[in-house]
Amino acid sequence: MAMATSPTPQPPYSFGVPWPELNEGLSYADAVPSIHPAPTLIGFYSTEYKSSAPLEGWLQRIRNGQITIDGQVVTDPETVLRAGSKVVYHRFPWKEPPAPYLLEVLYEDDHMVAINKPSGLQVLPGGLFQQRTVLQQLKWNTWKGIPVSHRCVEAHPVPVHRLGRGTSGILLCAKTKPAKTCLAKLFAVGTSAIEEKRKFNQKLDKDRRISKFYRALVTGLLEDDEVLIKQPIGVMQYPGVAKGLYIATSSGKPALSKVSVVERDVLENRTLVQVEIHSGRPHQIRIHLAYIGHPLFEGIINQQTLYQEIVAIFCMHIGLFYFTHPRTRLLK
């Protein structure tokens, strides 16, 4: 008698594995440079990574057996390193900050999946979040099989764009490497068109295959129903921020946002807007809205960004994806 099999879930449905208490740790590899005199193990780490830990901290890590040289654990801080040797610092597992783990699937086929990313979940590893990410849940999930015509294609679930950790909304993910390549090219069309300075309502809209719409609550009442923002975005060096701050600057990279009024709240002096972005600069929506004098509304949630600015990130949503399905290109 044949055993009954569970039917494949159809969207919308949710998946996710609860996060382990500790992650798997992290390894940082380096190749020893050719310098004279040859550095010692403690000399190398206390010099190259003095911002990561003080001298005593690196001494403790070495004595704990957290450093390997060419695959061998070394606990003597005064070990002399040879040029070209591979040294690896193994960071012990740690408990990452709380983050949601359930992901709702809105659309799925053999090539891609669209999920509703919750606020508070990081898309890719970075900083304190190395395991508690969308990418990790995609890897842990058991996906539907690859079609017969693509059996040679290895499963490779991965997001093809990003949403901020505090931002909720639709996140498009590829299931295979060919789908990832195709979708990534489609996302890049808008940005490349901006950089070539094409006209907004002509060649740009004709070439784009993916449209991205966000909702945001801003301070003040916008006078015009539509505002087109073309201010470039660049980086300004700032003390304490290694990579600098992203700001509106004429020396930055081209960026384009189209802001449309959804609803005006006269009593509370704020406006709900829809923002269509045609490029993907870091913090583009926050920067462009502040640039026109209508920053994101403060005080909705007590979540601070890297720049200690309370913002209503949770109001920002990607609302629509409209594009040529990668299947039409994969089968060509």
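For the structure itself, look to the data block above.
Here the structure is a predicted model, which means the values were calculated and not measured.

A.B. asks: Give me the sheet that holds strand S5 (residues 86-91): which residues, what numbers.
C.D. replies: Pairing is antiparallel in the open sheet, where 4 strands are placed in the order S2-S5-S3-S4. Strands with a single pairing partner mark the edges of an open sheet, and in this sheet they are strand S2 (26-31) and strand S4 (72-73). Of the pairings in the sheet, the one linking S2 to S5 comprises 6 bridges and is antiparallel in character. Bridge pairing in S5 links tyrosine 28 to tyrosine 89.

A.B. asks: Give me helix H2 (residues 55-63): which residues, what numbers.
C.D. replies: Listed as buried for H2 are Trp58, Leu59, Arg61 and Ile62. Each buried residue of H2 lies within a common arc of 165° when the element is viewed along its axis, so the set occupies one face. Those residues of H2 that are buried lie in contact with helix H1 (41-48), strand S3 (67-69) and S5. Looking one or two residues beyond H2, the residue adopting positive phi is glycine 65, at roughly 80°.

A.B. asks: Could you give me a rundown of the pattern of salt bridges, with the residues and numbers involved?
C.D. replies: With the rule as written, the count across this model stands at 4 salt bridges. Glutamate 108 is paired through a salt bridge with lysine 175; the nearest N and O atoms lie 2.8 Å apart. You can see glutamate 108 sitting in strand S6 (residues 103-108) and its partner lysine 175 sitting in strand S9 (residues 169-176), a full 67 residues away along the chain. Take glutamate 108: its relative accessible area is 9%, and that puts it in the buried class. Across the pair aspartate 225 and arginine 264 runs a salt bridge, and its minimum N-O distance is 2.9 Å. One end of the pair, aspartate 225, is in the loop between strand S10 (212-219) and strand S11 (226-229); the other, arginine 264, is in strand S14 (residues 257-265), with 39 residues separating them in the sequence. On the basis of relative accessibility, which here comes to 51%, the residue aspartate 225 falls in the exposed class.

A.B. asks: Give a detailed account of unusual backbone geometry, specifying residues and quantitative values.
C.D. replies: With omega at 0°, the peptide bond leading from histidine 36 into proline 37 counts as cis. Its identity is not glycine, yet asparagine 269 carries a phi of approximately 55°, on the positive side. Its location among the elements puts asparagine 269 in the loop between S14 and strand S15 (270-277). The exposure class of asparagine 269 is partly exposed, given its relative accessible area of 45%.

A.B. asks: For the side chain of glutamine 122, give the residues involved together with the corresponding values.
C.D. replies: Relative to the assigned elements, glutamine 122 resides in the loop between strand S7 (112-117) and helix H3 (134-140). A distance of 3.0 Å separates the side chain of glutamine 122 from the backbone oxygen of leucine 124, its partner in a polar contact. For glutamine 122, the contacting residues outside a window of four places in its chain are Phe129, Arg132, Thr133, Val134 and Arg165.

A.B. asks: I'd like a description of the packing of H1 against H2, backed by residues and values.
C.D. replies: Running from N to C, H1 and H2 point in directions that differ by 135°, and their axes come no closer than 9 Å. Judged by the angle between their axes, H1 and H2 are oblique. With respect to the hand of their crossing, H1 and H2 are arranged in right-handed fashion. Seen from H1, the contacting residues are Leu41, Ile42, Tyr45 and Ser46; seen from H2, they are Leu55, Trp58, Leu59 and Ile62. Among the residues making up the contact of H1 with H2, the classes are represented as 7 nonpolar, 1 polar and no charged.

A.B. asks: If you had to explain the packing of aromatic side chains to someone new, which residues and values would you point to?
C.D. replies: Taken as a whole and judged by the stated rule, the model has 7 aromatic pairs. Look at tyrosine 28 and tyrosine 89: their rings are 5.7 Å apart centre to centre, the planes differ by 15°, and that puts the pair in the stacked class. You can see tyrosine 28 sitting in strand S2 and its partner tyrosine 89 sitting in strand S5, a full 61 residues away along the chain. Between tyrosine 49 and tryptophan 58, the ring centres sit 6.4 Å apart and the planes meet at 50°, which makes this aromatic pair tilted. Of the aromatic side chains, those joined through ring pairs into one cluster are Tyr28, Phe44, Tyr45, Tyr49, Trp58 and Tyr89. Taking NZ or CZ as reference, arginine 91 lies 3.6 Å from the ring centre of tryptophan 94, over its face.

The rules we used
Residues numbered from 1 in each chain as written. Predicted model: local features only at pLDDT ≥ 70, side-chain atom pairs only at ≥ 80, totals over all residues. Heavy atoms only, no water. Pairing = 2+ DSSP bridges. Helix = DSSP H or I, 4+ residues; strand = E, 2+ residues; numbered from the N terminus. Buried < 20%, exposed > 50% of the residue type's maximum accessible area, 1.4 Å probe, protein only. Arc of directions from axis to C-beta. Contact = heavy atoms within 4.5 Å. Salt bridge = Lys/Arg side-chain N within 4 Å of Asp/Glu carboxyl O. Polar contact = N/O pair within 3.5 Å; in protein donor to acceptor, adjacent residues only side chain to side chain. Axes fitted to C-alpha atoms, helices over the stretch in contact; angles between N-to-C directions. Parallel < 35°, antiparallel > 145°, perpendicular 65-115°, else oblique. Left-handed = near helix turned anticlockwise from the far one by under 90°. Nonpolar A, V, L, I, M, F, W, Y, C, P; charged D, E, K, R; others polar. Phe/Tyr/Trp six-rings, centres within 6.5 Å; stacked < 30°, edge-to-face > 60°. Lys NZ or Arg CZ within 6 Å of the ring centre and 35° of its normal.

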